Amino acid sequence: MNLVTFTAHGTQFWGVTAKGGVLALSPEFPQWRTLRRVIEAGAIGQVLAAGAGRTASHAEGSFTYDIPVPDPEKIICVGVNFPDRNAEYRDGQDAPPNMSLFPRFARSFTGHGQPLIRPPESPQLDYEGEIAVIIGKGGRRIPESAALSHIAGLTLCNEGTIRDWVRHAKFNVTQGKNWDRSGALGPWLVPWRDPSQIVDVALETRVNGALRQQDRTGRMLFPVARQIAYISTFTTLVPGDIIVTGTPTGAGARFDPPVWLQPGDVVEVEVPGIGTLRNGVADE
């Protein structure tokens, strides 16, 4: 079972995956309005136990997926975190000693099965397949040796980007990364069990079935434990926070000429043990 947030008939629920659909558990636990509150309470195990052996309350097709944690305090993204991505910049510089970071807002993401939205201001909608880490146990100055124990679960991310808008300013990319519903998170939150889930797993991104990105997390310049330790040095991480951990080479901007996403395209991000995040593309 995995944890899921979804909407049916205009009402948002959280619950668990079940055969043929999902099981709404939020009505049984009114003290926890969202999965963020479940995580805060350290109640993932309790919720999974409540769903064990039960059938779906909502069949596939009767609901829409939302991002798993719809109300995180913060979403922090790690940029240029694979060796080939650093080489893409062709500036002759070695990998930097510290990671590049930027924020995203929750409304810049949509759920699994929903279209990424291309705005009228730019045709340069691009994809970036990534793994996202959801913090379970908060903290400040978390030691790298203990960092993975602070994870509540994992999900997938298509860190959709409006490319020309990331170059609007000299030093920041925030405005190109935060267009409403330009990216996606989901389909669900896979509960954390052990480091094998993240330390060296395969990551693939496909567009219309064609492989565009492929790499392994073991090649990250800044592994997830380092990310958690570094970020928590300057800001307190709290339960439900999301760290988007970096994308491999192969985004559309790196083709010659660039290949932007078009309405009707389908983008899939897949990681064994987590699942497949699938989104179409539509104009606003």
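Structure: above.
First, a word on scope: everything that follows refers to the structure included in this document. As the structure is a computational prediction, the values presented were derived from the model and not from experiment. (Residues numbered from 1 in each chain as written. Predicted model: local features only at pLDDT ≥ 70, side-chain atom pairs only at ≥ 80, totals over all residues. Heavy atoms only, no water.)

### Regarding the packing of aromatic side chains
Stage number 1. Counting across every chain of the model gives 8 aromatic pairs.
Stage number 2. Judged by centre distance (4.8 Å) and plane angle (90 degrees), the ring pair of W165 and W179 falls under edge-to-face. Within this pair, whereas W165 is found in the loop between β13 (161-162) and β14 (183-191), its partner W179 is found in the loop between β13 and β14, the two being separated by 14 residues in sequence.
Stage number 3. A relative accessible area of 25% means that W165 is categorised as partly exposed.
Stage number 4. Where Y230 meets F234, the ring centres are 6.3 Å apart and the plane angle is 75 degrees; that geometry is what we call edge-to-face. Placement of both Y230 and F234 in helix α4 (residues 224-234) is noted, with a separation of 4 residues, approximately one turn of the helix.
Stage number 5. Y230 sits in the partly exposed class, given a relative accessible area of 23%.
Stage number 6. An aromatic cluster of at least three residues, connected via ring pairs, comprises F6, F13, F63, Y65 and W188. (Phe/Tyr/Trp six-rings, centres within 6.5 Å; stacked < 30°, edge-to-face > 60°. Helix = DSSP H or I, 4+ residues; strand = E, 2+ residues; numbered from the N terminus. Buried < 20%, exposed > 50% of the residue type's maximum accessible area, 1.4 Å probe, protein only.)

### Brief notes about unusual backbone geometry
Stage number 1. Of note, the amide linkage connecting G186 to P187 takes the cis form, showing an omega dihedral of 0 degrees.
Stage number 2. Structurally, P187 can be placed in strand β14.
Stage number 3. In this structure, the amide linkage connecting D256 to the following residue, P257, adopts the cis form with an omega of 0 degrees.
Stage number 4. The topology assignment puts P257 in the loop between β17 (242-244) and β18 (266-271).
Stage number 5. Located in the positive-phi region is R181, a residue other than glycine, with phi close to 55 degrees.
Stage number 6. Within the secondary structure, R181 is located in the loop between β13 and β14.
Stage number 7. A relative accessible area of 42% means that R181 is categorised as partly exposed.

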